[in-house]
Amino acid sequence: QVQLVESGGGLMQAGGSLRLSCAASGRTFSSYAMGWFRQAPGKEREIVAAIGWSGGWTYYADSVKGRITISRDNAKNTVYLQMNSLKPEDTAVYYCAARLGSSSYYIRVQQYDYWGQGTQVTVSS
C-alpha cells in the first residue's frame with residue numbers, strides 16, 4: 001500500500017508557473033505508475049499527465065501538452081508536475097494517484113488504486 005501527499009498548490013495569475021509535488025510513502029514507490037488528475041467544480045475528474053514506473057513512458061492530456069511536464073524521482077519517492085503558462089481553465093483540485101503495473105498509459109481514473117487528498121490550484125485572469 002502507498003500513501004500520497006500532494007503539495008505546491010496555490011493562487012497564481014495567468015501565465016505563471018507552479019510545481020506540484022506528490023510524496024509517496026512505502027519502499028516500493030519505483031514499482032508504481034503515477035498519475036496527476038484534476039477536478040474542477042461541477043466537472044468529472046480528468047487525467048492531466050501520467051508516468052511509468054521508470055519514467056519510460058509519459059502521457060499528457062491534449063489540453064496541457066507543451067505547458068506541463070510530469071517527472072519522478074524514485075530516490076525521493078516523489079512525482080512532480082511542472083505547470084507553465086497557466087490558464088484560468090487550469091483551475092481545479094489536483095490529485096496524485098498511483099497503481100502497480102508495468103504496462104503503458106494508465107490514463108483512466110478507474111485504473112488507479114491510491115489517491116492523495118488533493119491540492120487546490122487557482123489561476124486568475
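Reading guide: rules and limits
Residues numbered from 1 in each chain as written. Predicted model: local features only at pLDDT ≥ 70, side-chain atom pairs only at ≥ 80, totals over all residues. Heavy atoms only, no water. Buried < 20%, exposed > 50% of the residue type's maximum accessible area, 1.4 Å probe, protein only. Helix = DSSP H or I, 4+ residues; strand = E, 2+ residues; numbered from the N terminus. Pairing = 2+ DSSP bridges. Axes fitted to C-alpha atoms, helices over the stretch in contact; angles between N-to-C directions.

## Topic: the pairing of strand 9 (residues 92–100)
Along any regular strand, the residues point their side chains to alternate faces of the sheet.
Right, so step 1: Burial analysis of strand 9 places seven of its nine residues in the buried class, which makes it a mostly covered element.
Right, so step 2: Note: strand 4 (residues 32–39) against strand 9, eight bridges, orientation antiparallel. Directly across from Tyr32, in strand 9, lies its bridge partner Leu100.
Right, so step 3: The sheet contact formed by strand 9 and strand 11 (residues 119–124) spans three bridges and is antiparallel. Directly across from Val93, in strand 11, lies its bridge partner Gln120.
Right, so step 4: Of the pairings in the sheet, the one linking strand 9 to strand 10 (residues 114–115) comprises two bridges and is antiparallel in character.

## Brief notes about the sheet that holds strand 1 (residues 4–7)
Right, so step 1: Taken in spatial order, the four strands line up as 1-3-8-7 in an open sheet, and their pairing is antiparallel. Looking along the sheet, the strands with just one partner apiece sit at the ends: strand 1 and strand 7 (68–73). Put simply, the sheet's adjacent strands are angled 15° from each other on average, direction ignored.
Right, so step 2: Where strand 7 lies against strand 8 (residues 78–83), six bridges are found, and the strand directions are antiparallel. Within the sheet, the bridge partner assigned to Ile70 lies in strand 8 and is Leu81.

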